[in-house]
Amino acid sequence: MSAMFAEIVDALYEAAFIAEKWPAVLEQITNASASKGGALFVFADSAPVRGKAVAWLQDLMNEFLEDESLRLSTAAARMGTVRPSSFVDVDRFMTADEVRDDPIRVRLRARGLGVNACAAIPMPSGELAMFVFQRGLDEGGYDERQLEVLDRMRPDMARATLAAARLGLVQARGAVDALAKIGLPAAVLAANGRVRVTNSLFDREKSLFLPTAFGGVAVANSESNRLFQAALQAVRGGLSPRSIPVRGTPPAVVHVLPLKRSAHDLFDGGDLLIVATAISASALVPSPTILTGLFDLTPAEVNLVTALAKGHSLKAAAAEAGLQFSTVRTYLNRIFRKTGTNQQSQLVALLKSAHPLPR
């Protein structure tokens, strides 16, 4: 199973820059989660909806992208409102009549597809990525194990989609083109940490990044740099990528993405891409939930973060969730490790300090 996950993660980071790879990686995730179909949608405030699907559903995806009545379907609108941070059974949020009459579900049933699982992943740069997978019509709903399989891959889906969304799910044409289209401070690093190529936004970001000896790079904030350097080491060693919070004005997130397979060649043999995003508030991304999709938080941790961002005390959050205080304390300590914070006040400040990202 671990080998299968590693294969899918590599494929996700390849598809981030090689758009033609999305149908294949969606097919891999479909198979791993005992699904029959799968798709990725990217929504933005001021851009058309974009999407990719497994090969045999791409014609239906094209119809969805072109037909406004389908984009306003109950299922799509409901998931856009709920924005589930972990994968959920979509039918739980719809009535039986809505499931029966929804135009998307009617078309999916005609192709032998039934229950949908969906996760909505808000990007710090303002986009909303939505992954949807379908079971066979006669296979019933998703069980907890299948949803856990999808949730295990969700953080890597988020980081890969960050780059794909900025590129508009379109093939990048070389390293310089890709870095320009990303429209965020970005740099390509070799395996030894040396900077190979940067874009002009990165070069101007003097308050966030600092040059180091032998052509390397560091994050200016010392606490964040400790996490950043550890992330570089982890990715170079084949471990999971991660995103690093950086407190400042405005606060930012630095993402470390491995460049895999064809993406490695696209970036002229570069091994790592680092991208900085200011924490952006938009109509699609409410401030308290901006970071939850990118810091590997479990559903229980997401619920706790949301409660704390609303001003609840830890005890009140525990009582509301029906959990022991010691359990919630354990969740909080895990959240501290994942977000690089060490106090509840720091965590809440990080979640609430949302600033629009200059376009």
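Please read all numbers here as calculations on a predicted model, not as lab measurements.

Section: the overall build of the protein
No. 1: Counting its regular elements, the protein contains 16 helices and 12 strands.
No. 2: Here the C-alpha atoms of the protein give a radius of gyration of 20 Å, agreeing with the 21 Å that 2.2 N^0.38 yields for 359 residues.
No. 3: C-alpha extents for the protein along the principal axes are approximately 60 × 50 × 40 Å.
No. 4: Classification of the 359 residues of the protein by burial places 53% in the buried group.
No. 5: Contacts in the protein between residues at least 24 apart in sequence constitute 60% of all its contacts with a sequence separation of at least 6.
No. 6: Total accessible area on the protein stands at roughly 15,000 Å², and carbon and sulfur atoms take up 53% of it.
No. 7: Computing the positive centroid from 39 side-chain charges and the negative centroid from 35, the protein places the two 7 Å apart.

Here's the deal with the pattern of salt bridges
No. 1: Within this structure, the stated rule accounts for 15 salt bridges.
No. 2: A salt bridge links R261 to E7, with the nearest nitrogen and oxygen atoms 2.9 Å apart. One end of the pair, R261, is in the loop between β11 (252–258) and α12 (262–266); the other, E7, is in helix α1 (residues 2–15), and 254 residues separate them in sequence.
No. 3: With relative accessibility at 35%, the residue R261 sits in the partly exposed group.
No. 4: For the salt bridge of D151 with R154, the shortest nitrogen-to-oxygen distance reads 3.5 Å. Residue D151 and its partner R154 are both found in helix α8 (residues 144–166); the two are separated by three residues, about one turn of the helix.
No. 5: Its relative accessible area of 17% is what places D151 among the buried residues.

Some words on the nonpolar core
No. 1: Ranked by internal contacts, the top residues of the largest apolar core, which has 80 residues, are F17, W22 and L273.
No. 2: Of all the elements, α8 adds the most residues to this core, at 11 residues.
No. 3: Once you skip the residues sitting within four places of it in the chain, L273 turns out to touch F17, L179, I182, A186, A187, V188, H255, V256, L257 and L259.
No. 4: A187, F202, F228 and V254 belong to the second largest nonpolar core, which has 19 residues in total.

Some thoughts on the sheet that holds strand β6 (residues 186–189)
No. 1: Pairing in this open sheet of five strands is antiparallel, and the strands run β7-β6-β12-β11-β10 from one edge to the other. Looking at strand neighbours, the two that pair on one side only are β7 (195–198) and β10 (243–246), the edges of this open sheet. Within the sheet, the average angular offset between the axes of one strand and its neighbour, ignoring direction, is 20°.
No. 2: Of the strands in this sheet, β10, β11 and β12 (272–278) touch α8, which is tilted by about 100° from β11.

A closer look at helix α5 (residues 74–82)
No. 1: Along α5, the residues classified as buried are A75, A76 and M79. Down the axis of α5, the smallest arc covering the buried residues is 100°, so these residues share one side.
No. 2: On its buried face, α5 sits against α3 (58–66), α4 (68–71), β3 (88–89), β4 (113–122) and β5 (128–136).
No. 3: Just past α5, the residue R83 takes up positive phi, approximately 50°.

A short note on the environment of M79
No. 1: Tracing the backbone through its elements, the reader meets M79 in helix α5.
No. 2: Distance in space between the C-alpha atoms of M79 and R337 is 30 Å, their sequence separation being 258 residues.

Description of the packing of α1 against helix α2 (residues 22–32)
No. 1: Following both chains from N to C, one finds α1 and α2 inclined at 155°, their axes separated by 9 Å at the closest point. As judged from the angle between their axes, α1 and α2 are roughly antiparallel. Viewed along their axes, α1 and α2 form a crossing whose handedness is left-handed. Residues M4, E7, I8, A11, L12 and A15 of α1 form the contact with α2, whose own contacting residues are W22, V25, Q28, I29 and A32.
No. 2: Residue composition of the contact of α1 with α2, grouped by class: nine nonpolar, one polar and one charged.

Focus on the environment of H312
No. 1: Following the sequence through the fold, H312 ends up in the loop between α13 (299–309) and α14 (314–321).
No. 2: Along the primary structure H312 and A175 are separated by 137 residues, whereas in three dimensions their C-alpha atoms are 46 Å apart.
No. 3: Non-local contacts of H312, meaning those with residues more than four positions away in its chain, are made with A307, A317, E320 and Q344.

Details of the pairing of strand β2 (residues 47–53)
No. 1: Relative to β2, strand β1 (residues 37–44) runs antiparallel, the two being bridged by five bridges. Its bridge partner being in β2, F41 is matched across the sheet by G51.
No. 2: Two successive antiparallel strands, β1 and β2, enclose a turn made up of two residues.

What counts as what
- Residues numbered from 1 in each chain as written.
- Predicted model: local features only at pLDDT ≥ 70, side-chain atom pairs only at ≥ 80, totals over all residues.
- Heavy atoms only, no water.
- Helix = DSSP H or I, 4+ residues; strand = E, 2+ residues; numbered from the N terminus.
- Rg over C-alpha atoms; globule rule 2.2 N^0.38 Å.
- Buried < 20%, exposed > 50% of the residue type's maximum accessible area, 1.4 Å probe, protein only.
- Contact = heavy atoms within 4.5 Å.
- Areas by Shrake-Rupley, 256 points an atom, 1.4 Å probe, with all protein chains shown as cover.
- Lys, Arg positive; Asp, Glu negative; His and termini not counted.
- Charge placed at Lys NZ, Arg CZ, Asp CG, Glu CD.
- Salt bridge = Lys/Arg side-chain N within 4 Å of Asp/Glu carboxyl O.
- Core = buried A, V, L, I, M, F, W, Y, C linked by side-chain atoms within 4.5 Å.
- Pairing = 2+ DSSP bridges.
- Axes fitted to C-alpha atoms, helices over the stretch in contact; angles between N-to-C directions.
- Arc of directions from axis to C-beta.
- Parallel < 35°, antiparallel > 145°, perpendicular 65-115°, else oblique.
- Left-handed = near helix turned anticlockwise from the far one by under 90°.
- Nonpolar A, V, L, I, M, F, W, Y, C, P; charged D, E, K, R; others polar.

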